[in-house]
Structures are given as structure tokens and as C-alpha cells.
Amino acid sequence: MDQELGELSENDFMLPPIKYEYLDHTADVQLHAWGDSLIEAFEQCGMAMFGYMTELAYVEIKQVHTIEANADDMMGLLYHFLDELLFLFSAEPFLICRKLKITEFNAEEFRIVCKCYGEEFEIGKHPQGSEVKAITYSAMQIIDEPKDNKFEVFVIIDI
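Residues numbered from 1 in each chain as written. Predicted model: local features only at pLDDT ≥ 70, side-chain atom pairs only at ≥ 80, totals over all residues. Heavy atoms only, no water.

(A) Spotlight on the layout of surface pockets. Estimated volume of the largest pocket: approximately 180 Å³. Per-class residue counts for the lining of the largest pocket are seven nonpolar, one polar and one charged. The volume enclosed by the second largest pocket comes to roughly 150 Å³. Lining of the second largest pocket is provided by Asn-11, Asp-12, Met-14, Pro-16, Glu-40, Glu-43, Gln-44, Met-47, Lys-99, Leu-100, Lys-101 and Tyr-117. Elements represented by at least two residues in the lining of the second largest pocket include exactly α1 (38-53) and β4 (95-106). For the lining of the second largest pocket, the element with the most residues is α1, which contributes four residues. Grouping the amino acids of the lining of the second largest pocket by side-chain chemistry returns five nonpolar, two polar and five charged. (1 Å grid on protein atoms, 1.4 Å probe; cavity = no way out; pocket = protein on both sides within 12 Å on 5 of 7 lines; lining within 4 Å. Points joined across faces, edges and corners; volume = space filled by probe spheres on them. Nonpolar A, V, L, I, M, F, W, Y, C, P; charged D, E, K, R; others polar. Helix = DSSP H or I, 4+ residues; strand = E, 2+ residues; numbered from the N terminus.)

Structure below.
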């Protein structure tokens, strides 16, 4: 764990509005997320994935972990970002996130650093949603149109 609960500020507990939806897809699910920036769209896509795994209202902010993702292009960066989040859930510390905050987003070097706020997943406390097996590149889209204030991502996850 990066930070103990006592080191969190009041701002760390403020949750952003939900800006994502689930779209039907044969045998899988497509995450559609948007935001006021590409950074927010990435954060919302990560939250959409966690929201598919459990009901986020049951998740408390008790721990903070930092992940890093690197890639050769923007689609690879989105893929690796979500894959790092999935790994955080699938292995120690089995973290289910309630909030994501990207602290570094380098669109030229394709690098993300993100703080992940949540707690260890507990059967009984957290309703079990669908298991996310993998992130896919299938039909992945990143819409980055600042002049139109349009920032969206579409990602199919294997469930």
C-alpha cells in the first residue's frame, strides 16, 4: 500500500460524477466512457470496469496504490492502463477501486501514473458482478477532439 488511511486528505474522498455506460456486445461487454479531457475519459473507463465487477457504492476508500502503464501508442496505453488495474484486482492486494486519479499522463511518451483508491475485495461485503477475464483491442476506439470538446473511449472487455 502506498499510503496509510491517515495520510489521505479530505479531497481524496471526493468522488467524481459517473461518466460511463455499458453497451451490449456478443459474449462480452463494451465500456463507453467520456470526460472533459482524455485523462478523465481514461479514469472513467477504469471505473466502468470496476463497476462491472461489483457495486461501487459498497466500496470504501481505505487504501491507495499507484500503478504505472507504458505503451508505444495511445491505444496500447489505454489497454495497458486497464490491464494494470485488472491486475491490481486479480492479485495481491485484490484492490477494488472506488476512485482513480491519473497524476501523470504523457501523451508523447505514452505513459500514465495513476493513484487507485479503494479497499480489498471481500465476498459478503462487495456484491459479486461479472468477472473480467481480460482487456481486448477489439473495436477499441479513442476519440480525442479538443476543438469539439469530445473525449471518449470504447473498450471491449472479455467476461
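(B) Spatial organisation of the environment of Tyr-20. Structurally, Tyr-20 can be placed in strand β1 (residues 20-25). Judged by relative accessible area, Tyr-20 falls into the buried class, the value being 15%. Once the C-alpha coordinates of Tyr-20 and Tyr-58 are considered, the two residues, 38 residues apart in sequence, prove to be 18 Å apart. If sequence neighbours within four positions are ignored, Tyr-20 has contacts with His-32, Ala-33, Trp-34, Gln-44, Met-47, Ala-48, Gly-51 and Leu-56. (Buried < 20%, exposed > 50% of the residue type's maximum accessible area, 1.4 Å probe, protein only. Contact = heavy atoms within 4.5 Å.)

(C) Seen up close, the packing of aromatic side chains. If you walk through the whole model with that rule in mind, you get six aromatic pairs. When the ring of Phe-42 is compared with that of Phe-105, the centres are 5.3 Å apart and the planes differ by 85°; the resulting orientation is edge-to-face. You can see Phe-42 sitting in helix α1 and its partner Phe-105 sitting in strand β4, a full 63 residues away along the chain. Taking 5.4 Å as the distance between ring centres and 75° as the angle between the ring planes, the aromatic pair formed by Phe-89 and Phe-121 counts as edge-to-face. Residue Phe-89 is located in helix α2 (residues 74-90), and its partner Phe-121 is located in the loop between β5 (111-120) and β6 (134-135); the two are separated by 32 residues in the primary sequence. (Phe/Tyr/Trp six-rings, centres within 6.5 Å; stacked < 30°, edge-to-face > 60°.)

(D) Here's a closer look at α1. With 16 residues, α1 should reach 22 Å at 1.5 Å per residue; the first-to-last C-alpha distance of 23 Å fits that figure. Burial runs high along α1: 13 of the 16 residues are buried. (Expected span 1.5 Å × (residues − 1).)

(E) Inspection of unusual backbone geometry at higher detail. The amide bond that connects Glu-92 to the next residue, Pro-93, takes the cis arrangement and shows omega of 10°. Note on placement: Pro-93 falls in the loop between α2 and β4. Not every positive phi belongs to a glycine, and Ala-139 is a case in point at roughly 55°. Tracing the backbone shows Ala-139 in the loop between β6 and β7 (141-145). Even without being a glycine, Asn-149 presents a positive backbone phi close to 50°. Positionally, Asn-149 belongs in the loop between β7 and β8 (150-158). On the basis of relative accessible area, Asn-149 is assigned to the exposed category, the value being 52%.

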